[in-house]
Amino acid sequence: MTNMEVTATSRHYVDRLFDPDPQKVLQGVIDMKNAVIGNNKQKANLIVLGAVPRLLYLLQQGSSSSELRAECAVVLGSLAMGTENNIKSLVDCHIIPALLQGLLCPDLIFIEACLRCLRTVFISPVTPVQLLYTDPTVIPHLMSLLSRSQRTQEYITQIFSHCCKTPEHQTVLFNHGAIQNIAPLLISPSYKVRMQALKCFSVLAYENTQVSMTLVNVLVDEELLSQVFVRMMQRDQPIDMQLTAAKCLTYMCRAGAIRTDDSCIVLKTLPCLVRMCSKERLLEERVEGAETLAYLMEPDVELQRIASVTDHLVAMLADYFKYPSSVSAITDIKRLDHDLKHAHELRQAAFKLYASLGSNDEDIRKKVAFTQQYTHTPT
């Protein structure tokens with residue numbers, strides 16, 4: 001299809017949104033939904049031709065059927081999954097207030113479609129997160145929707161974890177009952193819900209004493225929250241879950257809510273983070289593991305001593321400087337390309353960890369220096 005043909009087709013889709021027959025409008029939106037799936041060119045054309053304001057108008061019209069409103073939200077969500085420019089166009093058309101208003105409708109299918117679209121828009125780096133906090137009634141309403149379905153739980157917790165960027169955001173979420181509302185989701189039957197709830201707690205607890213001190217006393221199904229986090233760090237759990245649970249406990253410890261000599265830190269969190277630094281882990285996991293471990297033990301010489309003798313950590317870190325590994329080990333060219341691009345992050349994480357390891361103890365410093373001398377190869 002030529003560009004002119006694509007544009008003509010796109011114009012036809014947009015024209016159908018203005019048909020006086022509501023049934024034809026609905027069919028037009030459904031056809032548009034099928035046309036844009038995986039087609040970024042079509043998405044861009046529809047945006048340029050003015051589909052977004054019309055879809056938002058239909059979505060907000062009281063006279064639109066609930067089916068039409070839900071389909072409009074689905075198409076808008078699909079347009080949001082295109083490029084960052086698409087998201088900018090949607091935000092400029094005031095999609096966020098329109099979708100937040102849509103959440104007041106009682107229809108669950110429509111609510112879920114609005115939340116899915118909001119989630120896609122908010123997780124984009126080009127969307128100003130402050131837009132979630134403009135209207136003070138939004139956060140309490142989102143909290144009340146958490147009980148509606150697994151989908152509302154997944155989307156809302158994902159929105160919260162992406163939009164909690166400052167101490168003020170932490171306080172707003174905390175004051176509206178985030179902890180009590182999200183804690184039960186940690187034992188949801190849905191992995192996605194558990195994972196997003198866990199991510200919420202990691203961003204809420206980060207450098208926040210009030211949140212961390214509250215979390216320590218929370219019970220989930222008669223089990224202390226810290227023990228729920230410990231279970232989530234077990235080796236049989238997915239890596240993302242182990243790492244995020246370790247972050248939660250690390251942040252609670254650094255905020256003074258858990259002692260550095262507590263067994264959940266010394267015997268569980270620290271060894272879990274050291275495991276994340278091993279060669280078997282993906283590059284991002286190693287970076288995150290090393291940075292979190294550095295943050296955990298930075299102020300505590302005893303944790304530094306324990307870490308320095310755990311699982312050959314110091315020798316493992318030397319590997320961070322040998323990227324990429326020998327050619328014979330390279331089986332996956334895609335992974336090599338990806339890792340080369342991120343090799344500097346790996347070195348930076350290793351330096352942070354070295355600095356943290358040796359910050360308070362001369363013996364550890366010597367050990368690090370010795371290992372560096374004998375394992376570092378120029379790259």
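No experiment lies behind these values; they were computed from the predicted model shown.

Now for the layout of surface pockets. Its volume calculated, the largest pocket comes out at about 500 Å³. Along the walls of the largest pocket sit 19 residues, with Ser161, Cys164, Lys199, Ser202 and Val203 positioned nearest its centre. Contributions of two or more residues to the lining of the largest pocket are made by helix 10 (150–163), helix 11 (167–175), helix 13 (191–205) and helix 16 (239–254). Of the residues that constitute the lining of the largest pocket, the class distribution is five nonpolar, eight polar and six charged.

Within the UniProt annotation, "repeat: ARM" (unreviewed entry) is assigned to residues 50–86. For residues 50–86, the end-to-end C-alpha separation is 12 Å, with 76% helix and 0% strand making up the annotated structure.

Moving on, we get to the pattern of salt bridges. Using the criterion set out here, one finds twelve salt bridges in the structure. One salt bridge in this structure joins aspartate 240 and lysine 199, with 3.5 Å as the shortest N-O distance. Here the residue aspartate 240 occupies a position in helix 16, and lysine 199 occupies one in helix 13, the gap between them amounting to 41 residues. Accessibility expressed as a relative area gives 36% for aspartate 240, which makes it partly exposed. Residue lysine 199 is classed as partly exposed on the basis of its relative accessible area of 28%.

Counted at 1.5 Å a residue, the expected span for helix 18 (residues 283–297) with its 15 residues is 21 Å, and the 21 Å between its end C-alpha atoms agrees. Where burial is concerned, most of helix 18 is hidden: twelve out of the 15 residues are buried. Among all positions in helix 18, only Leu283, Glu285, Arg286, Val287, Gly289, Ala290, Thr292, Leu293, Ala294, Tyr295, Leu296 and Met297 are buried.

Formed by 126 residues in total, the largest nonpolar core has its most connected members in Leu55, Leu76, Leu132, Phe160, Phe201, Phe229 and Leu313. Examining the composition of this core, we find that ten residues originate from one element, helix 16, more than from any other. Every residue in contact with phenylalanine 160, bar those within four places of it in the chain, is listed here: Leu132, Ile139, Leu142, Met143, Leu173, Ile182 and Cys200.

At histidine 94, a residue that is not glycine, the phi angle is positive and equals roughly 65 degrees. Within the secondary structure, histidine 94 sits in the loop between helix 6 (84–92) and helix 7 (95–102).

A word on helix 15 (residues 225–232). Of all eight residues making up helix 15, six are buried, and the element is well covered by its neighbours. Leu225, Ser226, Val228, Phe229, Val230 and Met232 are the residues of helix 15 that are buried. Close packing links the buried residues of helix 15 with helix 13, helix 14 (209–216), strand 1 (219–220), strand 2 (223–224), helix 16 and helix 17 (263–275).

This brings us to the side chain of threonine 127. As for its placement among the helices and strands, threonine 127 is situated in the loop between helix 8 (108–122) and helix 9 (138–145). Exposure remark for threonine 127: the relative accessible area of 5% places this residue in the buried category. Among the polar contacts listed, one links the side chain of threonine 127 to the backbone oxygen of valine 121, at a separation of 2.6 Å. Beyond its immediate chain neighbours, meaning those up to four positions away, threonine 127 contacts Ile87, Val91, Ile96, Val121 and Phe122.

With respect to the helices, strands and loops of the structure, serine 144 is situated in helix 9. For serine 144, a relative accessible area of 41% gives the class partly exposed. The sequence separation of serine 144 and asparagine 181 amounts to 37 residues, and the corresponding C-alpha distance is 8.6 Å.

As for its placement among the helices and strands, arginine 54 is situated in helix 4 (residues 51–60). On the accessibility criterion, arginine 54 (18% relative accessible area) is buried. When the C-alpha positions of arginine 54 and leucine 17 are compared, they lie 7.1 Å apart, and in sequence the two are 37 residues distant. Non-local contacts of arginine 54, meaning those with residues more than four positions away in its chain, are made with Leu17 and Phe18.

Criteria and thresholds
- Residues numbered from 1 in each chain as written.
- Predicted model: local features only at pLDDT ≥ 70, side-chain atom pairs only at ≥ 80, totals over all residues.
- Heavy atoms only, no water.
- 1 Å grid on protein atoms, 1.4 Å probe; cavity = no way out; pocket = protein on both sides within 12 Å on 5 of 7 lines; lining within 4 Å.
- Points joined across faces, edges and corners; volume = space filled by probe spheres on them.
- Helix = DSSP H or I, 4+ residues; strand = E, 2+ residues; numbered from the N terminus.
- Nonpolar A, V, L, I, M, F, W, Y, C, P; charged D, E, K, R; others polar.
- UniProt positions renumbered as here; feature names shortened; annotations may be inferred.
- Salt bridge = Lys/Arg side-chain N within 4 Å of Asp/Glu carboxyl O.
- Buried < 20%, exposed > 50% of the residue type's maximum accessible area, 1.4 Å probe, protein only.
- Expected span 1.5 Å × (residues − 1).
- Core = buried A, V, L, I, M, F, W, Y, C linked by side-chain atoms within 4.5 Å.
- Contact = heavy atoms within 4.5 Å.
- Polar contact = N/O pair within 3.5 Å; in protein donor to acceptor, adjacent residues only side chain to side chain.

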